[in-house]
Structures are given as structure tokens and as C-alpha cells.
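Read off the chains here:
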Amino acid sequence: MTEEETAAAIARDPEHVRHLLRQMVRVRRFEEACVELYSATKIRGFLHVYIGEEAVATGVMSVLAPDDAVVATYREHGHALLRGVSANAIMAEMYGHAEGCCRGRGGSMHLFDAATRFYGGNAIVAGGLPLAVGLALADKLSGRDRVTVCFFGEGAVAEGEFHESMNLAALWDLPVLFCCENNLYAMGTALERSESQTDIALKASGYAIAAWAVDGMDVLAVEEAARRAVDAVRAGAGPHFLELRTYRFRAHSMFDPERYREKAEVERWMERDPIELLRAALETQGRLSADEWSALQHEVEEEVQAAIAFAEAGTLEPVEELTRFVYSERTAP
Amino acid sequence: MKLTYREAMRAAMREALQRDERVFLMGEDVGRYGGGFAVSLGLLEEFGPRRIRDTPLSEAGFVGAGIGAALGGMRPIVEIMTVNFSLLALDQIVNNAATLLHMSGGQFNVPIVIRMTTGGGRQLAAQHSHSLEGWLAHIPGLRILTPATLEDARGMLWTALEDPDPVLIFEHGSLYNVAGELADDAGPVDIDRAAVRREGADVSIITYGGTLPTALGAADALATDGIDAEVLDLRTLRPLDDAAVLATVAKTHRVVVVDEGWRSGGISAEISARITESAFYDLDAPVARVCSEEVPVPYARHLEQAALPSVERVVAAAREVVGPGG
């Protein structure tokens, strides 16, 4: 968005823009805490954090209705948090505790929550796309006006499941919004080293899906694009596709030595930190005082610390429960 | 009434579509073409394109969409033309359908039914002749059904659709034209227990699916030699009906397992291992296995026949375990 557009958006509803800032800070701070807890060996397995990409999920989630569905990837702590899964339940899950949102069965990469229709947490790249197509098909067959939103990285567009899902969604005119989080690297493989055509929105257009690229570091731009797309999908205009151009500031996972990209490139992107951009805009417009900023950070910190305390106080699922949930439990007739 | 296995399967789908609005069928050529094996012939005309959905050749896509639709409250029947093509959808079957309930801590069950043809014997060569149901029976979270009779072709589907978890139904291609009598009121059957298809006292032939007729033919041949063979149809490969297996072992003390899959690491190995673990001292002879030769199934008829389990091989194996005194 231009400076003028940003100023206008802030003037229209400063409270809402502060809310978006707060949501991004929640994700940022939660992820920073995860990294610290990983280093302290409280969290194990693979850990992928969303630092740098917060504007994407924040802007998209902001326009969803409570009974819409969300399918996300293994870099999904922020998505779960923004969708309304409690920080407590997410953190407890990462501790592998029974109080976690998946009772310790899923961990960082597989967060699920029925109450908010959060369908993972899918750790197979592109594996979630067909699920989103099916969720949307169920809504269409049932005559419901719900929307399914599917997040995936640009690495997924090399997978067959991506192309099969684009085709099915468009062929059947399904109410699904595809959100490609293009952070330029599939683990360590740069987009231009893995794709013959690097214009991802163009690929979606090839399936006759309305698609456009958005500045994924600008939460107001993301929100506006997402609102336009979700409104269209809900109105029955078929699948839509957003390519959200973003960047992860941290390594792919806690095991990534980052040999594949230059520090200068990371620093360049960090100058466009989505949180700093929005905070500066709010301050420039006189809509965020130093006290308000400090209070916001304080509140977020309280939430994160409470989540850590909740997870610390959690209990281990009894080993006797190990084989539960392989098959559904039936009540005796 | 007299009908074929194919017609029994079709009747089961028709009943399911009539009984439950949430049920729909999707797969390659299930609509206008009438099904690759003509199982769904006529269903498009009866139920319309909303519920009888032709899909593109996108096994991972439409199987995954079936899983998503199941999560979304539907009761999809997904037809994969053959098990060979299901390999393109293994990610969705193994990484999603089988795991979501567990990974979500019990929040998301996947009530999907996936039907597919399996097996060889029709000179279609390796890429159309695999028998991989034993592979999929390796996966916790799935239920694996292998209807071998008209009653099961007619009755397993509805029970599978009522199951809250993913069920895979393997229909052996050689069974579709098998015709016989089926009671007019035939309906849903259990999908938990194996069934003794022929009572016998001297040797147990344990099998399922497409090799049930082979086993029964072998039992007839053995009878002329005075060997009284029992034939146990497993019906369900996961979970296995251990009690039925152990009961027949306790009765005859001699076992031949017949499985069209390969011997190495196959379902026959699992059955043999369970017998060894739980009924070793009931055995009067080592467990014998008749499986497919360890080659990709060849095209030429004589080679293919030599590769697959046959009545002759089952008879020979049964004579061997019964021994000269039998």
C-alpha cells in the first residue's frame, strides 16, 4: 500500500489496525519464546518459526468467519494462535503434554483444533491442498456458504498435489482460498533454482483461478486482498489464489545453518519487518503512543508467559493411553 | 436372486446413495463411462452428476479431496480404478487418512471408504496386476476389507460407510463376473470377523479375496484324495481376526496360507508369524505358504499363471503339510 493508502486505512479504523499490530506481535513473541524453549530443550522435534511472515496469516485470518475452515503447514503456530486456538494449548502441545491441543500426539508441526475448524498442521509439503479441496467440496455439496482457506509455501507448487488441487478446485468451482506464502526458499532451495516459471500467481491463473500477488510484509495490503478474495469465494465466485510475497527472518528450522542465502539479503528484508512497518505507520499518524505500544507488548508478554507456565505445569499423557485415537472409540450400544 | 459380484457391489452403492444424502461416489470414469470395471454403471443416470462425480486422472488429488470431504461431514466413496494407481495417492492414504485421528488427539476422524480393484490373472502385466492390500494392511489407522463372496460384495460397503474411520475395500478383478444366488433380503454384514467357507478336519487353508475360489477348488481336489480341508476366508486383513485363525489351527493343526501378494514381507508372513506366536504347540507341521512368485507379474498367459497361486500349487502344499500319513 502507498503511504496515503496506509494513512487512510489507519484513519478509518485505528482500533482495528492496532489490533492487527497486536496480533502480529503475539505471533512474533510466541515464536521467539518457542526458539528460547527449544534451546532450553523444553520443545523437541522439528521447530519452524514464522518470524518475518506474520503479516500473511494475520491479514488473512482477520477476514475469516468463525465457521470457515483453515488448513495450514508445519510452520503453523502463528496460524493456530490467530485462528483462536489458545496459546496455552499450543504451548502445551509443543511440550508434548496431555493438555496440548492434540494431547501430545502432534507437536509443533501438527496442531489441530476442532472448535476453530483448524485442520492442521500438515507436514507433507502440498499434502494439505487436497484436504482443503475436499473440505470445500463438502460445503458446496451441503449448500453451506463457508470458505476453506489453505496456506502453503511456494515450495509446494513443485508438487503434483498442488497442480491436481488447483485443477479440481477450479473444475468444480469450489469455495476455497489458496494462500501461497512465498518466502522464496523451499528449505534451502531458492525459487529460481526450482521453478521454470517463478511467477506463482501466473501458475494459478493457468488453471483459470483468479489469482494475484500481494506484498506479504504489509498486513493492511494482505487484509485487503484477503477480504476481496474471501468475499468473492463466499459469494460463489469459485476458488481464488493469493501469492503473498514474504520472507522468513530465521532459519528454516532449528537445524538449518543457512548456507544458502546471504546475510545482506536477510538484512534487506528485515528492513521491511511487517511489525516495524505498521508500528511506524501508526506512530506517524499519531495513533500509537509510546505508552500504548509498551502496554501492548506487556499484554502480549503476559499471554506468552502464562502459556509457558501452563505448559510447564502440564502433565504427561499416561503411556497406557498410547494406542488411543488410532481408531475411533465407540460407545457400547 | 441370481447376480454377479459386480452387480452385488453396485446394489450396495445404490443402497448407500439412497439411504444417506451424505454419501457420494467419485473417481475416474465412474459416471459417464460407467466405471472402469462397470461397477457404477447406471448410477449417474439414477443419482446425477452432483453425487456421481467423474474426476480427472488425479489420484492424490481426489483421494485427498475425499478425505477432506469426510472431514467436512460427508461420507465419500472414492473409487480408485486399480490398486496400481493408488500408489499415486499413498501420501493421502498413509500420511493423512491413517494419521489424522491420532495426530489430532482424537478430534478429527476420517469416515471415508476407498474402493479399488486388485490382483492379476487377466494378462494385464505388471503395472495392472499388483496385489498390494497386504502392504496397506501394515498401516495402523486403516481398516482393510477383501470381499470374496456375493454376500460380502453386497454387504460390506454399508458397514464400512458407518465406520467412523477410513476403510479400504479391495475387489479382486477376477471376481466381478462371478455369478451366484444371493438372498433377496441380503444386506449389511459385519466387517470384523473371518468366516469358515468350508468345514474340514485335516488342514486349514487360510486365504482372502481373489484366492478364495482357488482355495475352495483346492479343497475339492483334496477331498477326492481323502484330505478334508477347511477353508478360512479372512475377509478383513486389518484388523486380523486372530481368534478365527487360532480356532482353525486348533482344529486341524496344519495350515496353508494362500495369498496373491508376494511372499517376502507379505500378509501371509504376518499370519504365519501370529500362528507361530500363539499356536506353535498346536501345529503338527510347519505353516506352508502359497504366494505369487517374486517377479513383476508377466504378460504371457503361461508365465502369468505360473507366477500366481493356483489350485495345483495349493493342493501340493496341502499334501506336503498333511504328509504321507495324512
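In every chain, residue numbers begin from 1 and rise along the written sequence. Chain letters and ligand numbers both follow the written order, the letters beginning at A and the numbers at 1. Only residues with pLDDT of at least 70 are given local features in this predicted model, and only at 80 or more are side-chain atom pairs given and counted; all residues enter the totals for whole chains, interfaces and linings.

Colleague: Requested: an account of unusual backbone geometry, with residues and values cited.
Modeller: For the bond from G120 of chain A to G121 of chain A, the omega torsion is 25°, close enough to zero to count as cis. The residue G121 of chain A is located in strand β2 (residues 118-122) in this model. P239 of chain B follows R238 of chain B through a cis peptide bond whose omega is -5°. Unusually for a residue other than glycine, T41 of chain A sits at a positive phi of about 60°. A run of H or I in DSSP becomes a helix once it reaches four residues, and a run of E becomes a strand once it reaches two; helices and strands are each numbered from the N terminus. Residue placement: T41 of chain A occurs in the loop between α2 (14-39) and α3 (54-61). For T41 of chain A, a count of 7 C-beta atoms within 10 Å puts it in the exposed group. Here exposure depends only on C-beta density: within 10 Å of a residue's C-beta, 20 or more other C-beta atoms make it buried, 12 or fewer make it exposed, and intermediate numbers make it partly exposed, the C-beta atoms being placed from the backbone.

Colleague: Quick one: what's the story with the sheet that holds strand β10 (residues 203-207) of chain B, residue by residue and with numbers?
Modeller: All names here are of chain B. If you trace the five strands from one edge of the open sheet to the other, you get β9-β11-β10-β13-β14, paired in mixed fashion. Of all strands in the sheet, those bounded by a partner on one side alone are β9 (195-198) and β14 (288-292). For this sheet the average axis-to-axis angle between neighbouring strands, irrespective of direction, equals 25°. Any two strands are treated as partners once DSSP identifies two or more bridges connecting them. When strand β13 (residues 255-262) meets β14, the two strands line up parallel, connected through four bridges. Orientation is described by axes fitted as lines to C-alpha atoms, over the contacting stretch for helices, and by angles from 0 to 180 degrees between their N-to-C directions.

Colleague: Tell me about the domain arrangement of chain B, and name the residues and values.
Modeller: Residues and elements named next belong to chain B. Each assigned domain of chain B is listed with its residue range as follows: domain 1 (2-181) and domain 2 (195-322). Using only C-alpha atoms to locate each centre, domain 1 and domain 2 end up separated by 26 Å. Here, residue contact means that the backbone-derived C-beta atoms of the two residues sit within 7 Å. Tallying the contact residues gives 22 residues for domain 1 and 23 residues for domain 2. For the side of domain 1 that touches domain 2, the elements supplying multiple residues, two or more each, are α7 (133-136), β6 (143-145) and β7 (167-172). A per-element tally of the side of domain 1 that touches domain 2 places β6 first, with three residues. Taken together, the residues of the side of domain 1 that touches domain 2 sort by class into nine nonpolar, 10 polar and three charged. These domain limits were set by an automatic method or by a database of domain assignments. In the scheme used here, Gly and all other residues not listed as nonpolar or charged are polar, with Ala, Val, Leu, Ile, Met, Phe, Trp, Tyr, Cys and Pro taken as nonpolar and Asp, Glu, Lys and Arg as charged.

Colleague: With reference to specific residues and values, describe the UniProt feature "domain: Dehydrogenase E1 component" (unreviewed entry) in chain A.
Modeller: The positions that UniProt labels "domain: Dehydrogenase E1 component" (unreviewed entry) are, in the present scheme, residues 22-314 of chain A. Measuring from the first to the last C-alpha atom of residues 22-314 of chain A gives 27 Å, for a span that is 46% helix and 13% strand. UniProt positions are given in the numbering used here, feature names are shortened, and annotations may be inferred rather than shown by experiment.

Colleague: Tell me about the packing of α2 of chain A against helix α13 (residues 290-312) of chain A, residues and numbers included.
Modeller: Residues and elements named next belong to chain A. Axis separation between α2 and α13 bottoms out at 9 Å; the angle between their running directions is 40°. The orientation of α2 relative to α13 falls into the category oblique. For α2 against α13, the interelement crossing comes out right-handed. Touching R22, V25, R26, R29, F30 and A33 of α2 are L296, Q297, V300, E301, E303, V304 and I308, all from α13. In terms of residue class, the contact of α2 with α13 is made up of seven nonpolar, one polar and five charged. Angles are sorted into four bins: roughly parallel if under 35 degrees, roughly antiparallel if over 145, roughly perpendicular if 65 to 115, and oblique for all others. By convention the crossing between two helices is left-handed if the near helix lies anticlockwise of the far one by an angle smaller than a right angle, and right-handed if it lies clockwise.

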